[in-house]
Amino acid sequence: MRTIDWDHDRDCVVMVDQTQLPATYTTYHAETVAQLIESIRTLRVRGAPALGAAGAYGVALAARRHEADEFAVYADAVAADAEAIANARPTAVNLSREAERVLEELENSASIDAARERTLRLAHSIADADVERNRQIGDHGAALLSDGDTVMTHCNAGALATVDWGTALGIVYSAHEADKRVDVVANETRPLNQGARITTVELLERDVETTLIPDNASGLWLQRGDVDAVVVGADRIVLEGGEQFGDQGVVFNKIGTYKHAVLADRHDVPFVVAAPHATIDTERTADEVEIEERDPSELREIYGTQNAPADVPVGNPAFDPTPMELVDYLVTETGVYEPPLDRAAFVEAAEMAA
Ligand code: MRU
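Residues numbered from 1 in each chain as written. Predicted model: local features only at pLDDT ≥ 70, side-chain atom pairs only at ≥ 80, totals over all residues. Heavy atoms only, no water.

(A) Focus on helix α4 (residues 93-107). Here α4 contains 15 residues, and its C-alpha end-to-end distance of 21 Å stays within 8% of the 21 Å for a straight helix at 1.5 Å per residue. Three or more residues of α4 are buried, namely V93, N94, L95, S96, E98, A99, V102, L103 and L106. Packing partners of the buried residues in α4 comprise α1 (33-41), α2 (48-65), α3 (71-86), α5 (112-142), β8 (236-240) and β11 (280-285). (Helix = DSSP H or I, 4+ residues; strand = E, 2+ residues; numbered from the N terminus. Expected span 1.5 Å × (residues − 1). Buried < 20%, exposed > 50% of the residue type's maximum accessible area, 1.4 Å probe, protein only. Contact = heavy atoms within 4.5 Å.)

Structure (structure tokens):
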């Protein structure tokens, strides 16, 4: 099944419950908007494009759960839910973008029945478009790789971070389809271990030769020359760096991405970012992007077992910014770009993608 979808029998959102991986492959049904928001916060569903679909289906769910005599009252109630969904996590732009798109569809509807039908239809088309775009990203990105290459990846930017196929890992899957054998070194990705728990599961399922390493070993792998490219996804890309990064773009992705970009640069290994135009925020500068700070318990405990003094102060940012000067290739559904990026062209592409 897809990472996130609509269950027509139960009339609700269904998703792969990623909190249960790798032990169990199970699904979770979000029957209410509160359950959907909780699923986003606890990372049952995660990864920027999958969050975009969660935002879209979430508003379609809200449209089906509210009832009112007057359309304006109904639309206000759904709008309040849409805002809560959009704010469930702050960094991946896809979540708020797709929630807002579906809300707009609702507001342009002539009746509650029409709104319910139109919002679900749009959510489906957002999900379908994600899969199609990822295939295109995969094909463009695979052209950068050669038979026998080894790719290092961080976090999970695969099928389970999208509706299907994946962005960074989509490139690996497309390379395999093109008869290029590409192996993967997966960083564990502390503290929530998306690399270990999720990336390795989907790579092994697709028979990709995979080596899991602790985050601290990635420098050694690059130093030894055992990696031909580092390929990651993105939660939000901005085209202007603001005060800290100036007029270059910035990629926000899983904490630790920046460190790998610096290491790749040090060892002359291409650093590749794969993301759809829907992940490019053409409106904000890097200064305006909120980096999610997650609960200290994610470090003070490991799977419920104490890992540090219960009262030790903790810094737990979920993402970090990588300036475009460290990115060799940005792969989107429209092609492969070598920074510095042509800002105007990306603004235009984002408008067309909307
Ligand atoms: O906290 P997560 O697991 O949602 O973080 C996910 C990532 O950082 C991914 O690399 C990013 O969303 C790209 S997914 C194609």
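And the narrative resumes.
(B) Expanded view of the pattern of salt bridges. Applying the stated criterion across every chain, the model contains 21 salt bridges. Residues R64 and D11 are paired through a salt bridge, measuring 2.8 Å at the closest nitrogen-oxygen approach. Of this pair, R64 sits in helix α2 while D11 sits in the loop between β1 (4-7) and β2 (12-16), and the two are 53 residues apart along the sequence. Look at R64 and you get partly exposed, because its relative accessible area is 24%. (Salt bridge = Lys/Arg side-chain N within 4 Å of Asp/Glu carboxyl O.)

(C) Quick peek at the pairing of β8. In terms of residue burial, β8 counts as a mostly covered element, since four of its five residues are buried. Direction of pairing for β8 relative to strand β9 (residues 250-254): antiparallel, over a ladder of three bridges. If you follow I237 over to β9, its bridge partner there is V251. Note that β8 and β11 share three bridges and pair parallel. The residue of β11 that forms the bridge with I237 is I280. (Pairing = 2+ DSSP bridges.)

(D) Spotlight on the layout of surface pockets. The calculated volume of the largest pocket comes to roughly 650 Å³. Along the wall of the largest pocket there are 26 residues; nearest its centre are V93, R97, E100, E283 and R284. Mapped by element, the contributors of at least two residues to the lining of the largest pocket are α3, α4, β11 and α12 (343-353). Sort the elements by how many residues they give to the lining of the largest pocket and α4 lands first, with eight residues. When grouped by side-chain class, the residues that make up the lining of the largest pocket number nine nonpolar, three polar and 14 charged. When residues of the lining of the largest pocket are assigned to domains, at least three fall in each of domain 1 (4-134) and domain 2 (144-353). In this structure, the second largest pocket encloses a volume near 320 Å³. Taken together, 15 residues line the second largest pocket, and the ones lying closest to its centre are P191, L192, R197, E298 and Y303. (1 Å grid on protein atoms, 1.4 Å probe; cavity = no way out; pocket = protein on both sides within 12 Å on 5 of 7 lines; lining within 4 Å. Points joined across faces, edges and corners; volume = space filled by probe spheres on them. Nonpolar A, V, L, I, M, F, W, Y, C, P; charged D, E, K, R; others polar. Domains from an automatic or database assignment.)

(E) Local environment of the nonpolar core. Grouped together as the largest cluster of nonpolar side chains are 47 residues, with contacts concentrated most on I4, V13, I40 and Y57. Taken together, the elements giving at least two residues each to this core come down to β1, β2, β3 (27-30), α1, α2, α3, α4 and α5. Element by element, the count of residues in this core is highest for α2, at twelve residues. Other than its neighbours up to four places away in sequence, I4 contacts V13, V14, M15, V45, A50, A53, A54, Y57 and V163. The next biggest cluster of nonpolar side chains, apart from the first, holds 25 residues, and it includes V269, V273, V327 and F346. (Core = buried A, V, L, I, M, F, W, Y, C linked by side-chain atoms within 4.5 Å.)

(F) Spotlight on the environment of S297. Tracing the sequence through the fold places S297 in helix α11 (residues 297-300). For S297, a relative accessible area of 29% gives the class partly exposed. Placed 62 residues apart in sequence, S297 and D235 show a C-alpha to C-alpha distance of 23 Å.

(G) Representation of the side chain of N156 in the model. Within the secondary structure layout, N156 lies in the loop between β4 (150-153) and α6 (168-177). On the basis of relative accessible area, N156 is assigned to the buried category, the value being 4%. Within the structure, the side chain of N156 is placed 3.4 Å from the backbone nitrogen of A161, a separation counted as a polar contact. (Polar contact = N/O pair within 3.5 Å; in protein donor to acceptor, adjacent residues only side chain to side chain.)

(H) Spatial organisation of the packing of α2 against α3. Viewed as axis vectors pointing N to C, α2 and α3 meet at an angle of 150 degrees, and their least axial separation amounts to 9 Å. Accordingly, the angle class assigned to the pair α2 and α3 is roughly antiparallel. Here the hand of the crossing between α2 and α3 comes out right-handed. For the pair α2 and α3, contact is made by G55, G58, V59, A62 and A63 and by Y74, V78, D81, A82 and I85, respectively. Its residues assigned to classes, the contact of α2 with α3 comprises seven nonpolar, two polar and one charged. (Axes fitted to C-alpha atoms, helices over the stretch in contact; angles between N-to-C directions. Parallel < 35°, antiparallel > 145°, perpendicular 65-115°, else oblique. Left-handed = near helix turned anticlockwise from the far one by under 90°.)

(I) Structural context of the packing of aromatic side chains. One pass over the structure, following the stated rule, counts four aromatic pairs. With 5.7 Å between their ring centres and 50 degrees between their planes, F71 and Y74 make a pair best called tilted. Here the residue F71 and the residue Y74 both occupy positions in helix α3, the gap between them amounting to three residues, near one helical turn. Looking at F71, the relative accessible area reads 24%, which means it is partly exposed. Ring centres 4.9 Å apart and planes at 70 degrees place the aromatic pair Y337 and F346 in the edge-to-face group. Residue placement shows R135 over the ring face of W165; its charged tip is 3.6 Å from the ring centre. Between K254 and the ring centre of F319, over which it is positioned, the NZ or CZ distance is 4.4 Å. (Phe/Tyr/Trp six-rings, centres within 6.5 Å; stacked < 30°, edge-to-face > 60°. Lys NZ or Arg CZ within 6 Å of the ring centre and 35° of its normal.)

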